[in-house]
Amino acid sequence: MIIRPIEDKDASELLAFYQSLSEEVARVFLPPGPVSPDTVEQHLEAVRTGRSISFVLDNDGMIMGHAFLSGLDKRVPMVSIGLRDAIVGCGYGRQMMERLLAVADARRIAVTALTVVKSNHRAEALYRSLGYRRKHESSFRVRNDSWYMERRLPPRDRDADSWR
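Numbering of residues starts from 1 in every chain and runs along the sequence as written. The predicted origin of the model limits local features to residues at a pLDDT of at least 70 and limits the giving and counting of side-chain atom pairs to 80 or more, whereas totals for whole chains, interfaces and linings rest on all residues. In computing side-chain values, all of the structure's heavy atoms are included and hydrogens and water are not.

A. Local environment of unusual backbone geometry. For Asp60, which is not glycine, the phi dihedral falls at a positive 55 degrees. Numbering of helices and strands starts at the N terminus; helices are DSSP runs of H or I of at least 4 residues and strands are runs of E of at least 2. Along the chain, Asp60 turns up in the loop between β2 (52-59) and β3 (62-70). Categorising residues by exposure relies on relative accessible area from a 1.4 Å probe, with only protein chains included: less than 20% of the type maximum marks a residue as buried, more than 50% marks it as exposed, and the intermediate range marks it as partly exposed. The exposed category is assigned to Asp60, whose relative accessible area is 81%. Phi at Arg108 takes a positive value of approximately 60 degrees, unusual for a residue other than glycine. Mapped onto the fold, Arg108 is located in the loop between α4 (92-106) and β5 (111-117). A relative accessible area of 33% places Arg108 in the partly exposed class.

B. Summary view of the pattern of salt bridges. Each salt bridge in this description consists of a side-chain nitrogen of Lys or Arg and a carboxyl oxygen of Asp or Glu lying within 4 Å of one another. Considering all chains together, one arrives at 14 salt bridges under this definition. As a salt-bridge pair, Arg4 and Glu7 come within 3.9 Å of each other at their nearest N and O atoms. The exposure class assigned to Glu7 is partly exposed, which follows from its relative accessible area of 35%. For Glu124, the salt bridge is made with Arg128, and the minimal N-O distance between the two is 3.1 Å. Taken together, the residues Glu124 and Arg128, both in helix α5 (residues 121-129) and 4 residues apart, mark about one turn of the helix.

C. Molecular detail of the packing of aromatic side chains. Each Phe, Tyr or Trp ring (for Trp, its six-membered ring) is paired with any other whose centre lies within 6.5 Å, and the angle between the two planes then decides the class: stacked below 30 degrees, edge-to-face above 60, tilted in between. For the coordinates displayed, the defined rule picks out 2 aromatic pairs. On the numbers, 6.3 Å between centres and 70 degrees between planes, the contact of Tyr127 with Tyr132 is edge-to-face. Across the pair, Tyr132 and Tyr127 agree in class, each one buried.

D. Broad picture of the packing of α4 against α5. Axis definition: a line fit to C-alpha positions, over the contact stretch in the case of helices; interaxial angles, taken between N-to-C directions, run 0 to 180 degrees. Where α4 meets α5, the axes come as close as 11 Å, and the angle between the chain directions of the two elements is 40 degrees. Between α4 and α5 lies a crossing of right-handed hand. Counted together, Gly93, Arg94 and Met97 of α4 and Leu126, Tyr127 and Ser129 of α5 form the full contact between these two elements. Classifying every residue of the contact of α4 with α5 gives 3 nonpolar, 2 polar and 1 charged. We call a crossing left-handed when the near helix sits turned anticlockwise from the far one by less than a right angle, and right-handed when that turn is clockwise. Contacts were defined at the residue level, with two residues in contact if any of their heavy atoms lie within 4.5 Å. Under this grouping Gly is polar, as are all residues other than the nonpolar Ala, Val, Leu, Ile, Met, Phe, Trp, Tyr, Cys and Pro and the charged Asp, Glu, Lys and Arg.

If you want it as C-alpha cells, here you go:
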C-alpha cells in the first residue's frame, strides 16, 4: 500500500471508499448524510484550488484510507482521516497523519485542528502522540460528544532565530 496525493481520477474509488465504511467507522468519522458524487467533486475542487491537501492510501487502485487538511483558506485548517475497518490498528492511520502533518509543517501552517468523538480512544491517543491537545468540548452528532483538539507547528530548530 502506498500513500499518495489524491488525483481527479480517484473520484469514483473515493466515493466507493466512503460508501464501504462500516456503521461504526462512519459514526465517528462521517458527518450526517450520505457522501455523494457531488461531495467528492467538491473535495477534489478544493484540492485543485489549493484549499485542501488530500492523501489516499492506495492498494492497487483500491482506496483503503483518506486523510486531508481542509480549510487552508481559513484561520485554522481542519484535519480528518478515515480508514477501512480491515486496516484500523495496523499503523496506516499514523503513517497518513505523519505524511499530512509533514506537508503542513513544510508549509509552516501554524495551527491545525480536528475533532474526535470522545469514545474514540484509539484515535485520540494517536492524535495526542502527534502533538494534538484538547482545547474544549465540541458537538459532532450530539451536544458535547467530541473533543476539539489543536496542534501547534513544532519549531524546526528550537535555537533558530527564525522561530517565532
